[in-house]
2 protein chains.
Amino acid sequence: MATAIAHPNIALVKYWGKRDVDLNLPSTSSISVTLDSFQTQTTVRWDSPRDVAWVDGKPATPADAKKIFKHLDLITPGRPTARVITKSNFPVAAGLASSSSAFAALTIAAADAAGERFSPEELSCLARQGSGSACRSLWGGFVEWRRGLLNDGSDSHGLHLAPRDHWDLRIVVAIIDGGQKKMPSTKGMIHTMETSPMYQAWTLSSDRDVSEARHAIMERDLESLGQAMERSTLKMHATMMTADPPIRYWKSTSVWAMDAVEDLRRQGISAWWTMDAGPNVKILCEAEHAEHIAQRLRVLVDEVLVLKIGEGPQRVPDDEEALARFVVR
Amino acid sequence: MATAIAHPNIALVKYWGKRDVDLNLPSTSSISVTLDSFQTQTTVRWDSPRDVAWVDGKPATPADAKKIFKHLDLITPGRPTARVITKSNFPVAAGLASSSSAFAALTIAAADAAGERFSPEELSCLARQGSGSACRSLWGGFVEWRRGLLNDGSDSHGLHLAPRDHWDLRIVVAIIDGGQKKMPSTKGMIHTMETSPMYQAWTLSSDRDVSEARHAIMERDLESLGQAMERSTLKMHATMMTADPPIRYWKSTSVWAMDAVEDLRRQGISAWWTMDAGPNVKILCEAEHAEHIAQRLRVLVDEVLVLKIGEGPQRVPDDEEALARFVVR
């Protein structure tokens, strides 16, 4: 009987590859920034004669329902049957990790509904098991996910580095639809781990990027943060490209956007690009430069968003009107 | 008193990185195809009161002259002063390794002028010391450059795999000028060796590509050859991209051309792309498909060349008219 809102996050230092696939234990630590504006709102109620879930106003697909209720089992073993109502307000094409906000919101709502009092780190460990990146959406601002050392994953969770008001940055998202088929990120990670000769070098070299990015965030040093972010991005995509067969997410417009960002840098604007497991390019910059950068990208890219840094998740009152619409009798 | 012609070559399995910079000993073996149509013609004569060289009708730059006469010293220690007249018939923008044909032709002309009788493998070792890829231009058709094991480099030379008439392939060259500054390849290699965490994985994983490509050439199996070539290309570019700072040769039109080639493959046309240390994309295909592929690329790329596989170098009569024009008194 609880509702929670969580925001997606974007990795500044990347997560790609797992040391334990079942527990979602990563091979590397990572650092993210939580986004504003976009969010997932999720309600969990123990008032349904059988397990049923609605996603964005429609019954969940069997695959999604299975993931949702498996996650509830993890949080509340021996739980009653439940209804779960979840909706996200951002376009799938944005290529933002919707599973990060989805599993963060579901974890908090389920724990609250069960009356469990977990610490944020414990919630982060639980969210991680639904979707790795979700463990970073337990806080706003800047978050580090330490890979951890323990086999049970109890030390592999997010840590809050700095709140949103520590640094007024923007994330400009250039939505580039390459029209290619999506490969689910877990599948892509496993394929990379199994076939790329460069995977090991990626895992061994990532710690430097994490510590430089952490330090840069603390010092509000955008150039150092941007360099660590681009380095981490290029290494992650190098492992994808050298998988066999290769996974190449870069489209021609993605490379055009990288070039545009590098042109802007030569003009003195501190702007830095990153990409995830898709063709979109996300640019980190100071607030004062965001509109100028977005305009530059709109020359070739139809949809360009300017996002602020977001807050952590919130508990909110249940939306009784929505609840009345999604009922199983 | 001799003139030789040699053709440039394109690596199908890539050469990137040196185990000995002075001797141009590579970290990996590589495989190339020699090109038709394009060539360098070079004359060496011992009839000049001082060392002087002309390149493409103009006096050589001091840097080029230094390289040329250092190479003559290597081939003929204690040689007389010389004049060297060399010209290439292909556009610099094609991004073909002009140093491969240049040092192959210079090596042969200088050895002939000195009356030295070297084996092709010995000439290949000498050409290698001028420019690594030149050691593969000592033969036509398909050539393997074995990295070798000896410290003096005497076993690091080309080996003839198959002549041009073994397999009637074409190389379609899409000339994409990204307008970026050129980084000389030796400088790029050293930067990669010193800073990319993925360099070692590249050197360790390349042997598989070499043996698969060699086998595919013998069997005339274009799909296997193409896969090995793309894999080798992606790994080479992965080491460049993960150097610090990164070297990214891919331009948006390069990626567009890759996508076009992959589209054609989905339509049943066996076409495979490669790139070297520049933005151009080179496509390997059967003769019957070359024009169709070139037309497809001309949608976005102004200059697209269709090249045949070429022959080995040749000794030719001296061009007395040219020689009369370039004289030092």
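Now for a look at the structure at hand. Because the structure is predicted, anything quoted here is derived from the model rather than measured. (Residues numbered from 1 in each chain as written. Chains lettered and ligands numbered in written order. Predicted model: local features only at pLDDT ≥ 70, side-chain atom pairs only at ≥ 80, totals over all residues. Heavy atoms only, no water.)

We now examine the interface of chain B and chain A. Each partner contributes to the interface: chain B provides 24 residues, whereas chain A provides 24 residues. Of the roughly 2100 Å² buried between chain B and chain A, counting both surfaces, carbon and sulfur atoms make up 69%. By the criterion of area lost to chain A, the three top residues of chain B are M198(B), L234(B) and R248(B), representing 28% of everything that side buries. Summed over the shared surface of chain B and chain A, the number is ten salt bridges. In this structure, D244(B) engages R231(A) in a salt bridge whose closest nitrogen and oxygen atoms are separated by 3.9 Å. Counting the contacts that link chain B with chain A gives eight residue pairs in polar contact (both at pLDDT 80 or more). (Contact = heavy atoms within 4.5 Å. Buried area = accessible area lost by both parts, 1.4 Å probe. Salt bridge = Lys/Arg side-chain N within 4 Å of Asp/Glu carboxyl O. Polar contact = N/O pair within 3.5 Å; in protein donor to acceptor, adjacent residues only side chain to side chain.)

Before going further, it helps to spend a moment on the sheet that holds strand β14 (residues 281-286) of chain B. Pairing between the strands of a sheet comes from backbone hydrogen bonds, and it takes one of two forms, parallel or antiparallel. Residue and element names in this part refer to chain B. An order of β13-β14-β12-β15 is seen for the four strands of this open sheet, with the pairing classed as antiparallel. Looking along the sheet, the strands with just one partner apiece sit at the ends: β13 (271-274) and β15 (303-308). Each strand axis lies, on average, 25° off the axis of its neighbour in the sheet, ignoring direction. Where β13 lies against β14, four bridges are found, and the strand directions are antiparallel. Its bridge partner lying in β14, T274 is registered against K282. Contacts between helix α6 (residues 222-241) and the sheet are confined to β12 (169-175), β13 and β14, with β13 contributing the most and set at about 20° to the helix. On the sheet, helix α7 (residues 252-266) packs against β13 and β14 and is oriented at approximately 160° with respect to β13. (Pairing = 2+ DSSP bridges. Helix = DSSP H or I, 4+ residues; strand = E, 2+ residues; numbered from the N terminus. Axes fitted to C-alpha atoms, helices over the stretch in contact; angles between N-to-C directions.)

What follows concerns the packing of aromatic side chains. All chains considered together, the criterion is met by nine aromatic pairs over all chains. When the centroid spacing of 4.6 Å and the interplanar angle of 65° are considered together, the rings of Y15(B) and W145(B) count as edge-to-face. Separated by 130 residues along the polypeptide, Y15(B) in the loop between β2 (9-13) and β3 (18-20) and W145(B) in strand β10 (residues 142-145) bring together distant segments of the chain. On the accessibility criterion, Y15(B) (10% relative accessible area) is buried. Ring geometry for W250(B) versus W273(B): centroids 6.3 Å apart, planes at 90°, classification edge-to-face. Placement of the pair is W250(B) in the loop between α6 and α7 and W273(B) in strand β13, with a sequence separation of 23 residues. Residue classification places W273(B) among the buried residues on the basis of a relative accessible area of 1%. Following the ring pairs from residue to residue traces out a cluster consisting of W250(A), W273(A), W250(B) and W273(B). Above the plane of the ring of W272(B) lies R265(B), whose end atom (NZ or CZ) is 3.9 Å from the centre. (Phe/Tyr/Trp six-rings, centres within 6.5 Å; stacked < 30°, edge-to-face > 60°. Buried < 20%, exposed > 50% of the residue type's maximum accessible area, 1.4 Å probe, protein only. Lys NZ or Arg CZ within 6 Å of the ring centre and 35° of its normal.)

Using the criterion set out here, one finds 54 salt bridges over all chains in the structure. Where D209(A) meets K235(A), a salt bridge forms, and the shortest distance between an N and an O atom there is 2.7 Å. With D209(A) in helix α5 (residues 199-219) and K235(A) in helix α6 (residues 222-241), this residue pair connects regions lying 26 residues apart in the sequence. Salt bridges linked by common partners bring R208(A), D209(A), E212(A), R231(A), K235(A) and D244(B) together as one network.

Residues and elements named next belong to chain A. The strand order across the open sheet formed by six strands is β8-β7-β9-β6-β1-β16, and the pairing between neighbours is mixed. The strands lining the two open edges of the sheet, one partner per strand, are β8 (58-59) and β16 (314-316). Sheet strands in contact with helix α2 (residues 98-113) are β1 (2-6), β6 (40-45), β9 (83-88) and β16, and its direction is about 30° off that of β6.

For the rest of this paragraph, the subject is the relation of the copies chain B and chain A. You can overlay chain B on chain A at an RMSD of 0.0 Å; the transform is a turn of 180° with a shift of 0.0 Å along its axis. The symmetry that links the two subunits is that of a two-fold axis. Within chain B, S252(B) has its C-alpha nearest the rotation axis, a separation of 2.0 Å. Mapped onto chain A, 100% of the interface residues of chain B are again interface residues, and the two copies thus contact each other with one and the same surface. (Least-squares fit on C-alpha atoms with pLDDT ≥ 70 in both.)

Here we come to the packing of α5(A) against α6(A). Residues and elements named next belong to chain A. Here α5 crosses α6 at 165°, and the two axes come no closer than 9 Å. Our classification of the angle between α5 and α6 gives roughly antiparallel. As for the relative orientation of α5 and α6, their crossing is left-handed in sense. Counted together, Y199, W202, S205, S206, R208, D209, E212, A213, A216 and I217 of α5 and S224, L225, A228, R231, S232, K235, M236 and T239 of α6 form the full contact between these two elements. Classifying every residue of the contact of α5 with α6 by side-chain character gives eight nonpolar, five polar and five charged. (Parallel < 35°, antiparallel > 145°, perpendicular 65-115°, else oblique. Left-handed = near helix turned anticlockwise from the far one by under 90°. Nonpolar A, V, L, I, M, F, W, Y, C, P; charged D, E, K, R; others polar.)

Attention now goes to helix α7 (residues 252-266) of chain A. The first and last C-alpha atoms of α7(A) sit 21 Å apart over 15 residues, in line with the 21 Å expected at 1.5 Å per residue. Within α7(A), eleven of the 15 residues are buried, which leaves it mostly tucked inside the rest of the structure. Among all positions of α7(A), only S252(A), S254(A), V255(A), W256(A), A257(A), M258(A), D259(A), A260(A), V261(A), E262(A) and L264(A) are buried. Residues of α7(A) that are buried in the fold lie against α6, β13 (271-274), β14 (281-286) and α8 (290-297) of chain A together with α7 of chain B. Where α7(A) ends, the next residue or the one after it, G268(A), has phi of about 95°, a positive value. (Expected span 1.5 Å × (residues − 1).)

Turning our attention to α8(A). Counting along an α-helix, one turn takes 3.6 residues, and residues three or four places apart therefore face a common direction. Residue and element names in this part refer to chain A. Every buried residue of α8 is accounted for by A290, I293, A294 and L297. Mapping the buried residues of α8 onto a view down its axis gives an arc of 100°, with all of them on the same face. Against β12 (169-175), α7, β13, β14 and β15 (303-308) lie the buried residues of α8. (Arc of directions from axis to C-beta.)

It is worth spelling out the nonpolar core at this point. Among the nonpolar cores identified, the biggest contains 52 residues, and W250(A), L297(A), W250(B) and L297(B) are the most heavily contacted of them. Look past the residues within four positions of W250(B) in its chain and what remains in contact with it is M241(A), R248(A), W250(A), V255(A), L234(B), H237(B), M241(B), V255(B), M258(B), W273(B) and M275(B). (Core = buried A, V, L, I, M, F, W, Y, C linked by side-chain atoms within 4.5 Å.)

Residue and element names in this part refer to chain B. Counting buried positions along strand β6 (residues 40-45) gives six out of six residues, so the element sits mostly inside the fold. Going residue by residue along β6, you find T40, T42 and V44 tucked away on one face and Q41, T43 and R45 tucked away on the opposite face as well. Sheet topology places strand β1 (residues 2-6) next to β6; five bridges connect them, and they run antiparallel. Counted as the bridge partner of A2 is V44 from β6.

Our focus in this paragraph is the environment of S131(B). All names here are of chain B. Structurally, the position occupied by S131 is in the loop between α3 (120-130) and β10. Judged by its relative accessible area of 11%, S131 is buried. Taking the C-alpha atoms as reference, S131 lies 21 Å from Y199; in sequence the two are 68 residues apart. Beyond its immediate sequence surroundings of up to four residues, S131 is in contact with N24, S99, S100 and F103.

Let us now look at the packing of α2(A) against helix α3 (residues 120-130) of chain A. All names here are of chain A. Two elements in contact, α2 and α3, have axes separated by 9 Å at closest approach and are oriented at 125°. Judged by the inter-axis angle, α2 sits oblique to α3. α3 is crossed by α2, and the crossing has right-handed handedness. In contact with F103, A104, T107, I108 and A111 of α2, α3 contributes L123, L126, A127 and G130.

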